[in-house]
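As a plain string of letters, each chain reads:
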Amino acid sequence: MKNYRNWFELRFKGLGRRIYNNPKKTLLITFIIFAAFASRIPDITVDTSTEGFLHEDDPVLLEYYNFRDQFGRDEMIAVAIKSDNIFTLPFLDKLKMLHNDLEENVPYVAEVTSLINARNTRGEKDELIVEDLLEDWPKNGQDLESIKKRALSNALYENIIISKDGSFTTVIIETNNYSHEDKEIDVFAGFDSDPAADMAESMKSTDRQYLTDRENSEAVNAVQNIVRKYQGRDFEVYVAGSPVVTDFLKRTMLKDMRKFLGLAILTIGVLLFILFRRISGVLPPLLIVMLALLSTVGTMAAAGVPLKLPTQILPSFILAVGVGDAVHLLSIFFQEFRKTGDKGSAMEYALGHSGLPILLTSLTTAGGLLSFSTADIAPIADLGIFAAAGVMFAFLYSITLLPALISIIPLKIPEQGRHSTPAYSDRIFDFAGKISTRYPYRVLVVSGIVLIVSVAGITKIQFSHDIVGWFPEKSDVRIATETIDQELRGSVNLEIVIDIGRENGLYDPELLKRLEKSADYMEALKEGEIFAGKAWSIPVVIKEVNQALHANKKGFYSIPDNKDLIAQEFLLFENSGSDDLEDFTDSMFSKARFTVKVPFRDAVLYSKFLEAVKKHFTQEYPDCKISVTGMISIFFQTLANVISSMAKSYCLAFIVITLLMVLLLGSLRIGLLSMIPNLTPVIITLGFMGWAGVPVDLFTMLIGCIALGLAVDDTIHFMHGFKSCHDKTGNAESAVFETLHSTGRAMLITTCVLSLGFFIFMFAGLNNLFNFGLLTGMTIIMALLADFFIAPALLISVRGRMADGSLTKSTG
């Protein structure tokens, strides 16, 4: 092991010498490589859609895409208006103005539905008439009362167009299913062309090009700007729906990213100045981590990977983590420069001394992050891959740019005896050394008790994926969503597709009656906090038509018993000019769309509800293929993926990092012992989450692997420093003190940088990011304490049972 270490030290020394002697060539080559990555940054995109949480080949997502291709986008923008005077002329006039304004000025709109144009099916003599509810504008109180009676008695309107008590009405905005981007207009289209080929090409061109995140935001912003003009005392407007939630997430994410980036740069700059007391100790590390960050973003853009909700932490993470390499190099450089006054030899020594440890720490941190690459949640997998890439970029820029920059920057020799950290840090190191070396068994016993309590807390951990709950309580989107969920019994849809498997299968009266019973069953279904606010399918259409063809008598609001009559009534409805059947079935009448309106809640709460839904449709339609999809299905699948991803990532991170530690330390026993101070802070944090009721979600699931990868860095530096000191003195206790006073300084400052880098997330606009920042920062601080107390106590305890020579061999 000693030969292996010496070989690497010589290579790093040689690298430092060559780069220091050829700074301009190094800078030129480095910046050419950087420019290649940075040139792709303008291509980066943003995706905060719900579908973006899943991999493209996820069966749940593919099923949802099939649904969208058949029935269009199920995500609606809901504009709810509260008023005590809905059925009055002033209100209806204002509603009509709002309706028309939205219809004319919101981009990418497929359809706008409200009381103004809600479907009104009626019969007149022998004619079936399908018209807008307010086709004939009311002129007096009698007309208004008639409209009110029709609206409140229409079963389909209830909790969709108007609330049960008549105090809320809605404007439902359905956006286009497919994107309008990248479409060129051919002015000669239609001339000298084959219509069949044109249709095939058109279908091909729209395949999977769904409405983009940018287009969704354009539509939502237009809606919000328009409704703001109509807001009034008796016209209280609430805007909700999953497109609105997605847009809010995007705006909050981009705002937070800018905030995090600025705070991270400021924090790192201040701490670097405190550590080195010179601009030359501040600007080069900041330049290095900025280049690493931009190279990473450029790599993402080149790979076609968009920024998503979890990857918003990437910029601040790379800045905080990447600066550690430069800190360790500069700490040793300035210590040596103070002694010799020779920049070249000092940098050569620094790279030889710290090159191997920072390579190893970069590899272990990247290994911990790469454990996320197997995650079932797409943005978590992306985060693992590109955060690991960012760590390696920071390492490569540190060992190449730093020597080159030091070579061309004029430096004054620091005053002798001037410390780079305040004097009180020495007292911290002395205290840690005394406690860990004099009372090692007490330290280990206390740590063991804390771990036992923490493990008990881990058994109480709960999972969560509560998107609306992430928002501040006073945010307009959260208030609107909760209001619509309460007053109109839900704001998102669960979609069930019943594939009968034969043409005209929906002409079967027995099947239609089963669908009618299923709607009744769904509307009575309640599992915990989750309920079905509304359930509907194609039977509502046939019942409307049947009633209209029987002189509009209520007694005929039912499904005919005759298959041929049902076929005729569907044909009459289609010939009436309405295209509403497209929302309920396919052109062959072989599939039925069944929609269930539910509240927007924590995905963990849908478990029993979805189980009941699947059980019901499987039992009631044994001869049909059942597909349960929609936004709620994706929410729940995301939660399931959080659980599976966390289990896989944690296990993989532990295995990879343990193997690396065993290989790096050259001993199975010492490698396993070294994992104790690495795992301790992670176990304590997870235990705290269990006892405190902090759930594991998309962000807090990251804490363990990130903290483990970073904790290992300090352990490697400590073990490397201890080994070097122990080789000189042969005394483990003095080696501990010397390591704490040398390597411990850089460990302390990097921990300050890292913990503050994560505490920055406490200023986020989303509640769950606050938890992530607080807990990760605390875990990193605990990791330092574990290396200051538990690691030395373990080494002293091992020394008590092994000869010093044996210990030296093991740790080498």
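Cut-offs applied
Residues numbered from 1 in each chain as written. Predicted model: local features only at pLDDT ≥ 70, side-chain atom pairs only at ≥ 80, totals over all residues. Heavy atoms only, no water. Helix = DSSP H or I, 4+ residues; strand = E, 2+ residues; numbered from the N terminus. Buried < 20%, exposed > 50% of the residue type's maximum accessible area, 1.4 Å probe, protein only. Contact = heavy atoms within 4.5 Å. Areas by Shrake-Rupley, 256 points an atom, 1.4 Å probe, with all protein chains shown as cover. Lys, Arg positive; Asp, Glu negative; His and termini not counted. Charge placed at Lys NZ, Arg CZ, Asp CG, Glu CD. Salt bridge = Lys/Arg side-chain N within 4 Å of Asp/Glu carboxyl O. Phe/Tyr/Trp six-rings, centres within 6.5 Å; stacked < 30°, edge-to-face > 60°. Disulfide = S-S within 2.5 Å. Axes fitted to C-alpha atoms, helices over the stretch in contact; angles between N-to-C directions. Parallel < 35°, antiparallel > 145°, perpendicular 65-115°, else oblique. Left-handed = near helix turned anticlockwise from the far one by under 90°. Nonpolar A, V, L, I, M, F, W, Y, C, P; charged D, E, K, R; others polar. Core = buried A, V, L, I, M, F, W, Y, C linked by side-chain atoms within 4.5 Å. Pairing = 2+ DSSP bridges. Patch = residues over 30% accessible without salt bridge, like charges linked within 9 Å, V, L, I, M, F, W, Y side chains within 5 Å.

**Q** I tried to follow the overall build of the protein on my own but got confused; where do I start?
**A** The secondary structure content of the protein amounts to 26 helices and twelve strands. Summarising its shape, the C-alpha atoms of the protein cover approximately 105 × 60 × 55 Å along the three principal directions. Of all 812 residues assigned to the protein, the portion counted as buried reaches 58%. Summarising the internal contacts of the protein: among those between residues at least 6 apart in sequence, 81% fall at separations of at least 24. Just so you have it, the protein exposes about 33900 Å², and 58% of that area is on carbon and sulfur atoms. Treating the 76 positive side-chain charges of the protein as one cloud and the 92 negative ones as another, the clouds have centres 13 Å apart.

**Q** Sorry if this is basic, but what is going on with the pattern of salt bridges here?
**A** Pairing is possible between side chains of opposite charge, provided their charged atoms come close. Per the stated rule, a full pass over the model turns up 21 salt bridges. In this structure, arginine 478 engages glutamate 482 in a salt bridge whose closest nitrogen and oxygen atoms are separated by 3.0 Å. Of this pair, arginine 478 and glutamate 482 both sit in helix H16 (residues 476–487), separated by four residues, roughly a single helical turn. Under the relative-accessibility criterion, glutamate 482 is labelled partly exposed at 39%. Between glutamate 510 and arginine 514 there is a salt bridge, with the nearest N and O atoms lying 2.9 Å from each other. Residue glutamate 510 and its partner arginine 514 are located together in helix H17 (residues 509–524), separated by four residues, close to a single helical turn.

**Q** Got a minute to help me understand the environment of leucine 405 in this structure?
**A** As for its position among the elements, leucine 405 is in helix H12 (residues 378–408). Taking the C-alpha atoms as reference, leucine 405 lies 75 Å from threonine 88; in sequence the two are 317 residues apart. Once you skip the residues sitting within four places of it in the chain, leucine 405 turns out to touch Leu27, Pro284 and Leu287.

**Q** What is the right way to look at the packing of aromatic side chains in this model?
**A** Note on aromatic pairs: each is described by the distance of the centres and the angle between the planes. Tallying each qualifying case throughout the model produces 28 aromatic pairs. Each ring, one from phenylalanine 31 and one from phenylalanine 34, has its centre 6.5 Å from the other, and the planes form 90°; the classification is edge-to-face. With phenylalanine 31 and phenylalanine 34 both in helix H2 (residues 23–38) and three residues apart, the pair spans about one turn of that helix. A residue is classified by how much of its surface remains accessible, and phenylalanine 31, at 33% relative accessible area, is partly exposed. Phenylalanine 34 sits in the buried class, given a relative accessible area of 13%. Look at phenylalanine 431 and phenylalanine 789: their rings are 6.1 Å apart centre to centre, the planes differ by 75°, and that puts the pair in the edge-to-face class.

**Q** Can you walk me through the state of the cysteines in this structure?
**A** In a disulfide, the sulfur atoms of two cysteines are held together by a covalent bond. Following the criterion strictly, the structure yields zero disulfides and no others. Looking at the unpaired cysteine 705, the closest cysteine sulfur is the one in cysteine 651, lying at 9.2 Å. For cysteine 705, a relative accessible area of 1% translates into the label buried.

**Q** Looking at this structure, I do not really get unusual backbone geometry. What am I missing?
**A** Apart from glycine, the bulk of residues carry a negative phi angle, and the bulk of peptide bonds sit in the trans form. Notably, alanine 551 is not glycine yet its phi reads approximately 60°, a positive angle. Residue alanine 551 is classed as exposed on the basis of its relative accessible area, which comes to 56%. Although it is not a glycine, phenylalanine 589 adopts a positive phi angle of roughly 55°. Along the chain, phenylalanine 589 falls in the loop between helix H19 (563–575) and strand E11 (591–598).

**Q** Would you mind going over the packing of helix H9 (residues 283–302) against helix H10 (residues 314–340) with me for this structure?
**A** To describe two helices that pack against each other, one gives the angle between their axes and the distance between the axes. Where H9 contacts H10, the axes come no closer than 8 Å and their chain directions differ by 140°. With respect to their mutual orientation, H9 and H10 come out oblique. As for how H9 packs across H10, the hand of that crossing is right-handed. Along the contact surface, H9 presents Pro285, Val289, Met290, Ala292, Leu293, Thr296 and Met300, while H10 presents Leu314, Pro315, Ile318, Leu319, Gly322, Val323, Ala326 and Leu330. By residue class, the composition of the contact of H9 with H10 is 13 nonpolar, two polar and no charged.

**Q** Looking at this structure, I do not really get the nonpolar core. What am I missing?
**A** Taken as a class, soluble globular proteins show a tendency for nonpolar side chains to be buried jointly. Among the nonpolar cores identified, the biggest contains 220 residues, and Val79, Leu98, Phe333, Phe594, Val596, Ile706 and Phe772 are the most heavily contacted of them. Ignoring anything within four residues of it in the chain, the contact list for phenylalanine 594 reads Leu494, Glu495, Ile496, Ile498, Leu515, Ser518, Ala519, Met522, Ala535, Trp536, Ser537 and Phe617. Counting residues in hydrophobic clusters, the runner-up holds 23 residues, among them Met719, Ala732, Leu794 and Ile796.

**Q** How should the sheet that holds strand E2 (residues 109–113) be read in this particular structure?
**A** Read across the sheet, four strands follow the order E2-E5-E1-E6 without closing on themselves; strand pairing throughout is antiparallel. Either end of the sheet is taken by a strand with one partner, and the two such strands are E2 and strand E6 (236–240). On average, each strand axis in the sheet is tilted by 15° relative to the strand beside it, whichever way the strands run. With five bridges joining them, strand E1 (residues 76–82) and E6 adopt antiparallel strand pairing. By the bridge assignment for E6, valine 79 is matched with valine 239. Its contacts with the sheet put helix H4 (residues 89–105) on E1, E2 and strand E5 (168–175), and the angle it makes with E5 is roughly 10°. Helix H7 (residues 213–230) rests against E1, E5 and E6 of the sheet, and its axis sits at about 10° to E1.

**Q** Explain the side chain of aspartate 787 here, please?
**A** Here aspartate 787 lies in helix H25 (residues 767–801). Not counting chain neighbours up to four residues away, the residues in contact with aspartate 787 comprise Pro677, Ala711, Asp714, Thr715, Phe718, Met747 and Pro792.

**Q** What should I look at first to understand a nonpolar patch on the surface in this one?
**A** Among the surface-exposed residues, Val445, Ile449, Val453 and Trp691 lie close enough to one another that they form a single nonpolar patch of about 410 Å² accessible area. Among the elements that line the nonpolar patch, the one with the most residues is helix H14 (residues 440–458), at three residues. For isoleucine 449, the position within the fold is in helix H14.

**Q** Just to check I follow, could you spell out a negative patch on the surface for this structure?
**A** Judged by side-chain charge, Glu103, Glu104, Glu111, Asp579 and Glu582 come together as a negatively charged surface patch. On the secondary structure map, glutamate 582 appears in the loop between H19 and E11.

**Q** How should I be thinking about the side chain of aspartate 101 in this particular structure?
**A** With respect to the helices and strands, the residue aspartate 101 is situated in helix H4. Given a relative accessible area of 10%, aspartate 101 falls into the buried group. Ignoring sequence-local partners within four residues, the contact set of aspartate 101 consists of Val106, Ile226, Lys229 and Tyr230.

**Q** Is there a simple way to think about the sheet that holds strand E12 (residues 625–629) in this case?
**A** In spatial order, the strands read E10-E11-E7-E12; together these four strands make up an open sheet with antiparallel pairing. Strands with a single pairing partner mark the edges of an open sheet, and in this sheet they are strand E10 (534–536) and E12. Averaged over all pairs of adjacent strands, the angle between strand axes in this sheet comes to 15°, irrespective of strand direction. Here strand E7 (residues 492–499) pairs with E11 via eight bridges, running antiparallel. In the strand pairing of E11, asparagine 493 is matched with lysine 597.

**Q** I keep staring at the packing of helix H8 (residues 242–276) against H10 and nothing clicks. Help me out?
**A** Remark: H8 packs on H10, axes separated minimally by 10 Å, with the N-to-C direction vectors making an angle of 10°. With respect to H10, the element H8 is oriented roughly parallel. Relative to H10, the crossing made by H8 is right-handed. Listed contacts from H10 to Met257, Phe260, Leu261, Ala264, Ile265, Ile268, Leu272, Leu275 and Phe276 of H8 are Pro315, Ser316, Leu319, Ala320, Val323, Val327, Leu330, Ser331 and Phe334. When its residues are assigned to classes, the contact of H8 with H10 shows 16 nonpolar, two polar and no charged.

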